[in-house]
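Inside the fold
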Amino acid sequence: MHMQDLEGVKEVPLLIFWPSEWNFSRGLKMYVVESKGGAIACMLLALFFLGTWPAVLAVLERRGRLPQHTYLDYSITNFLAAVLIALTFGQIGSSTAEEPNFITQLSQFLENWPCVLFAMAGGIFLSLGNLCSQYAFALVGLSVTEVITASITVVIGTTLNYFLDDKINSADILFPGVACFLIAVCLGSAVHSSNAADNKVKLDHLPSVPEDGEKPSSVIPDKDGKDLETGNEYAEKAKAGTADFLVQLENQRAIKVFGKSIFTGLTITFFAGVCFSLFSPAFNLATNDQWNTLKKGVPDLVVYTAFFYFSASCLVIAIILNITFLYHPILGLPKSSFKAYLSDWDGRGLAFLAGIICGFGNGLQFMGGQAAGYAAADAVQALPLVSTFWGILLFGEYRKSSRLTYALLISMLFMFIVAVALLMASAGQRT
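Note that this is a predicted model, so its numbers are computed, not measured. (Residues numbered from 1 in each chain as written. Predicted model: local features only at pLDDT ≥ 70, side-chain atom pairs only at ≥ 80, totals over all residues. Heavy atoms only, no water.)

Here we come to the pattern of salt bridges. Close approach of charged atoms lets side chains of opposite charge pair. Scanning the model with the defined rule gives three salt bridges in all. Between Arg65 and Asp73 there is a salt bridge, and its shortest N-O distance comes to 2.8 Å. For Arg65, a relative accessible area of 5% translates into the label buried. According to the relative accessible area criterion, Asp73 is buried, its value standing at 0%. The salt bridge involving Arg65 is made with Asp344; its shortest N-O contact spans 3.2 Å. With Arg65 in the loop between α1 (36-62) and α2 (67-88) and Asp344 in the loop between α10 (338-343) and α11 (348-372), the pair connects residues that are 279 residues apart, well separated along the chain. Per residue, the accessibility class of Arg65 equals that of Asp344, and both read buried. (Salt bridge = Lys/Arg side-chain N within 4 Å of Asp/Glu carboxyl O. Buried < 20%, exposed > 50% of the residue type's maximum accessible area, 1.4 Å probe, protein only. Helix = DSSP H or I, 4+ residues; strand = E, 2+ residues; numbered from the N terminus.)

Shown next as structure tokens:
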């Protein structure tokens, strides 16, 4: 673009020109995604972010960091991400009566409090779902947890959003996609059952007594490179997928899974899925007021203001529950304290990173949903496509498993790919 082409242009915010397909509206005095192309771009980026942050939390749990410590750190930066989005996208430009900016709308709480409550309810549902997920990651694995929770979210949440959004999404494309997610949840349960059986076979064949002169491979090194049991020098790490690897992981991780019931893990996972299925419809109600809770003339919450309230309630619930779990832990975890949490800096940077990634992922999902319908935005629930990749790459999940497990895993991922394509193809355009 030549300089003479800029003549007559009065506003060039930060001298950045956004691609035309994003179609950010300047008439609203803030950046709002309006086109299908922009919405799909937001969804794809959100899909990557939301599929990555669980892997980061799982890394910390496998290193032995208490999930209460990790989740408190995660919740802080998750909220800060929402504040950053609100103070940038939600604050740029002049406020108008129809579309007040973030700071202006915060001062209107007495007028729009019903929608604020919907946004905060959505945050509570998400916080409970995330809290349950960090325990489910250990009990049933990263990939299966994401498959089941994401599928339940789509089956329930997408259906609710479709009707809340006045059916702006194409039903004959949307609901076949929902059916694919439903099939995926069945395959996900089958994958976990088959993989658990494979692991049992591996452990049954694990030698109980090492040969003379050999160190037990089930002993793992601590942070200083010494055996946790003996304090001697570094023990060789077992190969992923072997029985020794499973024993080493059990010794090191914070949540012990040997002897835990599969039913316990799946129960926590399904409860998390129900919570996840409700947060998006609640946010939809907050930003579009389909139930007419606001007085005439009061503007709906803009997506950035709703996201701020949403994330604030996430933070409050996370603080209350995780501080409680410090002193009254569940699933056999050791007790801790708030003082111990403050002094635990090992892995804090990764926990902060997970919160930032998740915060931006949720924000992008809502920006895309406000433009193309929240039912279509639920395509980001295909995050198991991303988390399964991280699970295999980082954690060695499904290494040396049976052919049946591999066949079920491939079938599950294929159903997700089809579901994502269908849900995004059903995208509408909000008027």
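In this structure the tally under the stated criterion is five cavities of 30 Å³ or more. In this model, the largest cavity occupies a volume close to 150 Å³. Surrounding the largest cavity, 15 residues form its lining, Trp53, Asn130, Phe276, Gln381 and Leu383 being those nearest its centre. Those elements that provide at least two residues to the lining of the largest cavity are α1, α4 (109-140), α5 (142-164), α8 (262-288) and α11. A class-by-class count of the residues in the lining of the largest cavity yields eight nonpolar, six polar and one charged. Along its surface, the second largest cavity is lined by Leu57, Ala58, Glu61, Arg65, Leu66, Pro67, Thr70, Gln134 and Phe137. (1 Å grid on protein atoms, 1.4 Å probe; cavity = no way out; pocket = protein on both sides within 12 Å on 5 of 7 lines; lining within 4 Å. Points joined across faces, edges and corners; volume = space filled by probe spheres on them. Nonpolar A, V, L, I, M, F, W, Y, C, P; charged D, E, K, R; others polar.)

So, on to the state of the cysteines. As enumerated under the stated definition, the model contains zero disulfides in all. As a non-bridged cysteine, Cys275 has Cys132 as the owner of its nearest cysteine sulfur, 5.8 Å distant. (Disulfide = S-S within 2.5 Å.)

Residue position: Asn112 is located in helix α4. Separated by 177 residues in sequence, Asn112 and Asp289 have C-alpha atoms that sit 10.0 Å apart. Here Asn112 is in contact with Gln105, Leu294, Val298 and Leu301, once residues within four sequence places are set aside. (Contact = heavy atoms within 4.5 Å.)

A few words now on the packing of α1 against α11. Packed helices, taken two at a time, are described by the angle their axes make and the gap between the axes. Two numbers describe how α1 lies on α11: the axes approach to 7 Å, and their chain directions differ by 155 degrees. Compared by their axis directions, α1 and α11 come out roughly antiparallel. Once α1 is placed against α11, the crossing between them reads as left-handed. Considering only residue class, the contact of α1 with α11 consists of 22 nonpolar, five polar and no charged. (Axes fitted to C-alpha atoms, helices over the stretch in contact; angles between N-to-C directions. Parallel < 35°, antiparallel > 145°, perpendicular 65-115°, else oblique. Left-handed = near helix turned anticlockwise from the far one by under 90°.)

On to a nonpolar patch on the surface, then. A cluster of nonpolar side chains, contributed by Phe109, Leu110, Trp113, Leu117 and Met120, occupies part of the molecular surface with about 510 Å² of accessible area. When you line up the elements, Phe109 lands in helix α4. With a relative accessible area of 36%, Phe109 lands in the partly exposed category. (Patch = residues over 30% accessible without salt bridge, like charges linked within 9 Å, V, L, I, M, F, W, Y side chains within 5 Å. Areas by Shrake-Rupley, 256 points an atom, 1.4 Å probe, with all protein chains shown as cover.)

A word on the packing of aromatic side chains. Evaluation of the coordinates by the stated rule reveals 22 aromatic pairs. Ring centres 5.2 Å apart and planes at 85 degrees place the aromatic pair Phe181 and Phe416 in the edge-to-face group. On the criterion of sequence distance, the pair formed by Phe181 in helix α6 (residues 171-204) and Phe416 in helix α14 (residues 403-425) is long-range, its members being 235 residues apart. Taking the relative accessible area as the measure of exposure, Phe416 reaches 0% and is therefore buried. With a centroid separation of 5.7 Å and 85 degrees between ring planes, the pair formed by Phe283 and Phe310 is classed as edge-to-face. Of this pair, Phe283 sits in helix α8 while Phe310 is found in helix α9 (residues 303-327), placing the two residues 27 residues apart along the sequence. By relative accessible area, Phe283 is classed as buried at 0%. Through a chain of ring-to-ring contacts, the aromatic side chains of Phe279, Phe283, Phe307, Phe310, Phe366 and Tyr374 assemble into a single cluster. (Phe/Tyr/Trp six-rings, centres within 6.5 Å; stacked < 30°, edge-to-face > 60°.)

So, on to α8. In this model α8 runs 40 Å from its N-terminal to its C-terminal C-alpha over 27 residues, within 8% of the 39 Å that 1.5 Å per residue would give. Of all the 27 residues making up α8, 19 are buried; the element is thus mostly covered by neighbouring parts of the structure. Once α8 ends, the next one or two residues include Asp289, with phi positive near 50 degrees. (Expected span 1.5 Å × (residues − 1).)

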